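Geometric and topological summary
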There are 2 protein chains.
Amino acid sequence: MTEVLRDTFEKNFPRVEKDIKNAAFIAIDTEFSCLVSHTESKSSLFDTAEQRYLKQRDNISDALLLQFGLTAFIFDREKNVYESHSYCFYLFPHTFGSNDQRFKCQASSLEFLCHHKFDFNKFVYNGISFLNDEQDIRAQQELKDGDLLRSVERALSHEDEESVQAMCSQVALWLAGGLPEAATEKSIFLEVPRSSQSSQCIAYVAHHELRKRFICIWTLPEDGNIRVLKVSPTERAMMEKNHSHEDELQNAVLLSIRGFTRIFKLLVQLKKPIIAHNCVLDLMIMHKQFYCSLPKSYQAFKNNIHSLFPNVYDTKYMSSEYRKKIDRSDSWSNNTLPGLYRYFDLGRGHSIASYSPKIISQDFGDEGERKFHDAGWDSYCAGFCFIRMAHFFGVMEMGGLSAARPFTSTEHLALTSHLANRINIIRGNLTHIVLDGLDPPSHRPEIIVVKRRDGKALDALELTESLSKHGSVDVKMVSNKLALVAASTKGQVMDLCREYYKHPELALVKYNKIQHDPFIWTSTLCSLVMCAALSGIFIYRVLKN
Amino acid sequence: MTEVLRDTFEKNFPRVEKDIKNAAFIAIDTEFSCLVSHTESKSSLFDTAEQRYLKQRDNISDALLLQFGLTAFIFDREKNVYESHSYCFYLFPHTFGSNDQRFKCQASSLEFLCHHKFDFNKFVYNGISFLNDEQDIRAQQELKDGDLLRSVERALSHEDEESVQAMCSQVALWLAGGLPEAATEKSIFLEVPRSSQSSQCIAYVAHHELRKRFICIWTLPEDGNIRVLKVSPTERAMMEKNHSHEDELQNAVLLSIRGFTRIFKLLVQLKKPIIAHNCVLDLMIMHKQFYCSLPKSYQAFKNNIHSLFPNVYDTKYMSSEYRKKIDRSDSWSNNTLPGLYRYFDLGRGHSIASYSPKIISQDFGDEGERKFHDAGWDSYCAGFCFIRMAHFFGVMEMGGLSAARPFTSTEHLALTSHLANRINIIRGNLTHIVLDGLDPPSHRPEIIVVKRRDGKALDALELTESLSKHGSVDVKMVSNKLALVAASTKGQVMDLCREYYKHPELALVKYNKIQHDPFIWTSTLCSLVMCAALSGIFIYRVLKN
């Protein structure tokens, strides 16, 4: 796998660009600095898609996407082979101009990254810059106003400053006739050090510094380096009037500040299908970090993502559809990315039967490189699972296992197009959202209403603990005597209702039965009124302060 | 210098404790993850002490103190020598129970740390835990409720879990008679691995795991390790009833979670004088991170700090007092910590004349270890400058250079007690605050009122730029036609008023002249009324939404 850092970004860019252009589709994965901003924004089984979006928007508003994994899958029809090229980008929001980003870290998120041997020094020292469109517009404005020159100067490292000083000294020596063979020449060539992503910034500062210090010269950009000319005062005045080279210099700086966003823009521009596993959050943070702030409207978010990436395949969602088509006994033990990858890698079930293409990677020869939760490896695994599932779905669409034949990559995508743009939702009141249409109706089990038979107060924690025996539940207190309980599966609701049917203390009723139970109905109503009144008083107080 | 990390904290604790106990005073320094949370909270020359406190409180509410430098200065009266021992602690808020801290990072703060070669992997992987009093109370509660056991179990690393499993296997083997020489013994001894700060947590989990798995044994803590006894059912029941050992186990876990806060508590308990350079923010973040959330009241903050640390010496404040007593030509070029340290280290001025004590450190033999903005080295430098200045002030108090003699450390402190608890303020409307009394009246130069002679609108940025020629200024727009300008020195105000006296466009007046200028007075008043009205409308709208 190619690890791409700030100082290797420019060198790697053409290769990444070529791979993306040649790819049938691109698999991605991201790592975060923070997942849950405040404990109040935790996901719950009660959440509708819209509520979940707003919670997550709040959660990631200050989070940073600090590692981006990208695998380009290139199809060879002759050989029925997908060749994959994986990249892992480290990102860090380097300062420039007025752009001095803050981001939140969550202890558990960083510990999670530790667990997977994340290198925090690479991240801070050598992460690649990025800009979303809003920041890009500001940077362009500051470049025009000259504010960016000052800040680029300030941001230069000590070594970079020394490079600029060395260029000035060389020009001084040249002008003083101190360079033997070049003394009579009209111009000299200065090489800009290429060691870092900041070489464009060094060049930018050097051009301005040289022009300021020496009035009898002019500088021209030459393939990222600098050509210095001896000029007459008239020529100099003319050069200063003509701003065309300034644009070229400014564009070079902008490119270097944009950094990873250039890869993002390439993905958007080429509209390659995107593959990722359980990727609501990935899509949201990409929107925020490389496109623009997340809109308040959930629908606007879906529209934006769909116009950026018209074809997104979520392998988590696909796996739940896949599972419906196979024997339970043939299935995986869990559909996390590692669980799925192992299943398909071992060739379990029908996963590699029937002309399923070969998948080749030169990137993970070493066992040590196959680290789950390294964004590079995870992106490869998502793409790997996608191909296995897409082929199986294709075979099924064409009439079942007996009708199997090799498919082209276009067929793989076309035969699974009914699964595109469906993104898995964990622990919400629906299983997935639809990026290019209406979300499905909720298939979650009914809500359960709980009270104590003796009418006394309920303890939320105790209740959660005792009802969690059959699987995870979420409890919402309507009043201190009445709770709503959301369970994850219908079976679980049945188990709970059966078990508590004759329970001495707790009475459980399914939500739709409320209307038939005058006691619960009245007490719910009373509690709701009470609750509304209290909220009213609370809001009034907040506003008053 | 001793670098103290999570896995070397326990080993180093007794030595740090001894040094603190023996020290005449303790010099400290801290490094931050974020300095300015929002651009709106930037310091300004207009700020009163109270306004500044509230701004900074907002700025650091989410910041993390990630490196703490501490140097203990131990006085040897016989030799007139201060011997110094320096420590640099890396801190990270490891998760446990419900404690999953979030903190903000600012790109420029991390870049600043990069510039000084900060190791972010040491910080995240091996930073020491800490708890303030509020978190401590919660942790104790969760320990009692048993919630912490679960979370400690969850937080164990893979290696730690394997250690626990190995202990269980050893006991199983022993009970089955598989350990040859120990087969008949009534008890065996299990050693807990000491490699990490988490050894207390491993022990805690191991005790509970062993007792749960084997009903015919009981476990006793033995010097951090575990003694396993074979017991009868009656004995077991009795042991379970007696909770005294549980307390011991829980306390050991608490100690390990408290981590660095134990050092902080030691400083508070021993009430040693604290030396630091320009330390308002250091004191604030220590209050937040190791004591409790910062109070809303500025006075309450001062009271709290004074009761925690009754004697705080700010070397930045001291240096401005020192400068008043010496020839300008003898002074330093700047009173940053590096500037001061170099001055005193070179023995400039009267700085080491007249029996000034020798200062010895074994910690920074290597040039490479003397890195400014490494909290360890900075704390040493602050203490070094303190001694040089304290001795000079002492000599002056005793009657001048001719009356010089060696002082004890007690005398050094006593003779500078009038400088204690005065903390420097940068870029505010007063030069320092007083922790144990009333802040001094503002000695800042008068505010300047600016308008255009033609009555047209002013441009804030342009104004700031053109008035900054004589030194830095802050501009506050009262209306679009009227600005208030704060300058840093009185000389600067005079220069500005002189220069703009007959300026064709701008009219500058000192603030106290306003009352004599009916035009400005009315327009200010109008603008203020306008401003208040607009704010009113704005607030109304905000409340309405």
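Residues numbered from 1 in each chain as written. Chains lettered and ligands numbered in written order. Predicted model: local features only at pLDDT ≥ 70, side-chain atom pairs only at ≥ 80, totals over all residues. Heavy atoms only, no water.

1. Notes on the overall build of chain A
What counts is decided by this rule: The numbering of helices and of strands both runs from the N terminus, where a helix is a DSSP run of H or I of at least 4 residues and a strand a run of E of at least 2. When a residue's accessible area, from a 1.4 Å probe over protein chains only, is under 20% of the maximum for its type it is buried; when over 50% it is exposed; and in between it is partly exposed. In what follows, residue pairs with any heavy atoms lying within 4.5 Å of each other are defined as contacts. Reported accessibility uses the Shrake-Rupley method at a 1.4 Å probe radius. Residues are deemed covered only where the shown protein chains occlude them.
Scanning chain A from terminus to terminus reveals 20 helices and 17 strands. Scored against the burial criterion, the 545 residues of chain A give a buried share of 51%. Nonlocal contacts in chain A, meaning residues at least 24 apart in sequence, comprise 72% of its contacts between residues at least 6 apart. By element, 54% of the accessible surface of chain A is carried by carbon and sulfur atoms, the whole surface being about 25300 Å².

2. Details of the packing of helix α12 (residues 280–291) of chain A against helix α13 (residues 298–308) of chain A
All names here are of chain A. What counts is decided by this rule: Axis lines are fitted to C-alpha atoms, over the contacting stretch for helices. Their N-to-C directions set the angle, which ranges from 0 to 180 degrees. Throughout, the term roughly parallel applies to angles under 35 degrees, roughly antiparallel to angles over 145, roughly perpendicular to angles from 65 to 115, and oblique to all others. Only Asp, Glu, Lys and Arg are considered charged, only Ala, Val, Leu, Ile, Met, Phe, Trp, Tyr, Cys and Pro nonpolar, and every remaining residue, Gly among them, polar.
Their axes nearest at 11 Å, the elements α12 and α13 cross at an angle of 75 degrees. The angle between α12 and α13 places the two elements in the roughly perpendicular class. Residues Leu-283, Met-284, His-287 and Tyr-291 of α12 form the contact with α13, whose own contacting residues are Phe-301, Asn-304, Ile-305 and Leu-308. Across the contact of α12 with α13, the residue classes break down as 6 nonpolar, 2 polar and no charged.

3. Some points on the pattern of salt bridges
Which entries qualify depends on this criterion: Criterion for a salt bridge: a side-chain nitrogen of Lys or Arg within 4 Å of a carboxyl oxygen of Asp or Glu.
Per the counting criterion, the structure on display carries 38 salt bridges over all chains. Asp495(A) is the salt-bridge partner of Arg498(A), the closest N and O atoms lying 3.4 Å from each other. Of this pair, Arg498(A) and Asp495(A) both sit in helix α19 (residues 490–499), separated by 3 residues, roughly a single helical turn. Note that Arg236(B) is salt-bridged to Glu240(B), the shortest N-O span being 2.8 Å. You can see Arg236(B) and its partner Glu240(B) sitting in helix α9 (residues 233–241), 4 residues apart, about one turn around the helix. By relative accessible area, Arg236(B) is classed as buried at 10%. Among the residues examined, Glu240(B) registers a relative accessible area of 40% and is labelled partly exposed.

4. Observations concerning the nonpolar core
Keep this limit in mind: Only buried residues count toward a nonpolar core. Its members are Ala, Val, Leu, Ile, Met, Phe, Trp, Tyr and Cys residues joined through side-chain atoms within 4.5 Å.
Judged by nonpolar contacts, the single largest core of 136 residues is most densely connected at Phe89(A), Phe123(A), Phe89(B) and Phe123(B). With near-sequence residues (within four places) excluded, Phe123(B) lies in contact with Leu64(B), Leu66(B), Tyr90(B), Leu91(B), Phe92(B), Phe103(B) and Phe118(B).

5. Description of unusual backbone geometry
Residues and elements named next belong to chain A. At Asn-80, a position not held by glycine, the phi torsion is positive, near 55 degrees. Here Asn-278, not a glycine, exhibits a phi torsion of approximately 55 degrees, which is positive. Here Asn-278 is to be found in the loop between β9 (274–276) and α12.

6. Some words on the interface of chain A and chain B
What counts, and what does not: By definition, the buried area sums, over both parts, the 1.4 Å-probe accessible area that each loses when the two are put together. Here a polar contact is recorded for every N or O atom pair within 3.5 Å, except that within protein the pair must consist of a potential hydrogen donor and a potential acceptor, and residues adjacent in sequence are included only if both atoms are side-chain atoms. In this description, strands pair whenever DSSP reports at least two bridges between them.
Each partner contributes to the interface: chain A provides 35 residues, whereas chain B provides 35 residues. Buried area between chain A and chain B, both sides added, is near 2700 Å², and the carbon and sulfur share of it is 54%. Between chain A and chain B we count 0 salt bridges in total. Our count for the contact surface shared by chain A and chain B stands at 24 residue pairs in polar contact (both at pLDDT 80 or more). Counting residues per element, the side of chain A that touches chain B draws most heavily on helix α3 (residues 107–115) of chain A, which supplies 7 residues. Tallied by class, the residues present in the side of chain A that touches chain B amount to 15 nonpolar, 11 polar and 9 charged. Here strand β5 (residues 102–106) of chain A pairs with strand β5 (residues 102–106) of chain B via 5 bridges, running antiparallel. Across the sheet, residue Gln106(A) finds its bridge partner in β5(B), namely Arg102(B).

7. Considering the relation of the copies chain A and chain B
The criterion, for reference: Least squares is the method for superposing the copies, and the C-alpha atoms it fits come from residues with pLDDT of at least 70 in both.
Mapping chain A onto chain B leaves a residual RMSD of 0.1 Å; the transformation is a rotation of 180 degrees accompanied by 0.1 Å of translation along its axis. Expressed as a symmetry operation, the mapping of one chain copy onto the other fits a two-fold axis. Rotation axis and chain A: the residue whose C-alpha lies nearest the axis is Lys104(A), separated from it by 2.2 Å. By residue overlap, the copies meet face to face through one surface: 100% of the interface positions of chain A are interface positions in chain B.

8. Regarding a negative patch on the surface
Cut-off, in case you're wondering: Here, patches come from residues exposed beyond 30% relative accessible area and free of salt bridges, joined within 9 Å for like charges and within 5 Å for nonpolar side chains (Val, Leu, Ile, Met, Phe, Trp, Tyr). Charge assignment in this entry is limited to Lys and Arg as positive and Asp and Glu as negative, and neither His nor the chain termini are counted. Every charge is mapped to an atom, namely NZ of Lys, CZ of Arg, CG of Asp or CD of Glu.
Together, Asp459(A), Glu462(A), Glu465(A) and Glu505(A) give the surface a local cluster of negative charge. Asp459(A) sits in the partly exposed class, given a relative accessible area of 40%.

9. Some remarks on the sheet that holds strand β8 (residues 225–230) of chain B
Residue and element names in this part refer to chain B. The 3 strands lie next to each other as β6-β8-β7, forming an open sheet whose pairing is antiparallel. Every interior strand has two partners, whereas the edge strands, β6 (187–190) and β7 (217–222), have only one. Within this sheet the neighbouring strands show an average axis-to-axis angle of 25 degrees, counted without direction. The pairing of β7 with β8 spans 6 bridges and is antiparallel. Paired with Pro-221 across the strands is Ile-226, a residue of β8. Here helix α8 (residues 199–213) sits on the sheet in contact with β6, β7 and β8, set at roughly 165 degrees to β7.

10. Remarks on the packing of aromatic side chains
All names here are of chain A. Rule in force here: The aromatic pairing rule takes the rings of Phe, Tyr and Trp, using the six-membered ring of Trp, and pairs them if the centres are within 6.5 Å, calling planes under 30 degrees apart stacked, those over 60 edge-to-face and the rest tilted.
Counted according to the given criterion, the structure contains 80 aromatic pairs over all chains. Between Phe-25 and Phe-386, the aromatic rings sit 5.0 Å apart at their centres with planes inclined by 75 degrees, giving edge-to-face as the arrangement. Of this pair, Phe-25 sits in strand β2 (residues 25–32) while Phe-386 sits in helix α16 (residues 375–397), and the two are 361 residues apart along the sequence. We note that Phe-25, like Phe-386, is buried. Centre to centre, the rings of Phe-264 and Phe-290 are 5.3 Å apart; their planes meet at 40 degrees, and the pair counts as tilted.

11. As for the confidence of the model for chain A
Applicable threshold: Per-residue confidence from the prediction method is given by pLDDT, with values spanning 0 to 100.
For chain A, per-residue confidence averages 86 on the pLDDT scale, and 90% of positions sit at 70 or higher. The ipTM, which scores confidence in the relative placement of chains, is 0.83 for this predicted complex, and the corresponding pTM is 0.84.

12. Examining the side chain of Ser331(A)
All names here are of chain A. Topologically, Ser-331 is positioned in the loop between α14 (315–324) and α15 (337–345). Looking at Ser-331, the relative accessible area reads 7%, which means it is buried. Within polar-contact distance, the side chain of Ser-331 engages the side chain of Arg-323 at 2.9 Å.

13. What about α3(A)?
For an α-helix, the turn length of 3.6 residues means that residues three or four places apart are oriented alike. Spelled out, the test is: An arc is given here, and it is the one of the directions from the helix axis to the C-beta atoms.
Listing the buried residues of α3(A) in full gives Ala107(A), Ser109(A), Leu110(A), Leu113(A) and Cys114(A). The buried side chains of α3(A) occupy one side of the element, clustering within an arc of 165 degrees when seen end-on. If you follow the buried residues of α3(A), they end up packed against β2, β3 (65–76), β5 and α4 (120–126) of chain A together with β5 and α4 (120–126) of chain B. Among the residues trailing α3(A), Lys117(A) stands out with phi positive, at a value near 60 degrees.

14. Regarding the environment of Gly69(A)
Residues and elements named next belong to chain A. Inspection of the secondary structure puts Gly-69 in strand β3. In sequence terms Gly-69 and Phe-96 are 27 residues apart; their C-alpha atoms lie 25 Å from each other. Not counting the four nearest positions on each side in its chain, Gly-69 is found in contact with Ala-27, Ile-28, Asp-29, Tyr-87, Cys-88, Ala-375, Gly-376 and Ser-379.

15. A word on empty space enclosed by the protein
Spelled out, the test is: Method remark: on a 1 Å grid restricted to protein atoms, a set of points is classed as a cavity if a 1.4 Å probe fits but cannot get out and as a pocket if it is open with protein on both sides within 12 Å along at least five of seven lines; lining residues have an atom within 4 Å of a point. Grid points are joined across faces, edges and corners, and a volume is the space filled by probe spheres set on the points.
The final tally for this structure, using the stated rule, is 3 cavities of 30 Å³ or more. Taken as a whole, the largest cavity encloses approximately 90 Å³ of empty space. In terms of lining residues, the largest cavity is bounded by Cys105(A), Leu110(A), Phe120(A), Phe123(A), Val124(A), Ser33(B), Leu66(B), Cys105(B), Leu110(B), Phe120(B), Phe123(B) and Val124(B). Those elements that place two or more of their residues in the lining of the largest cavity are α4 of chain A together with α4 of chain B. Taken together, the residues of the lining of the largest cavity break down into 11 nonpolar, 1 polar and no charged.

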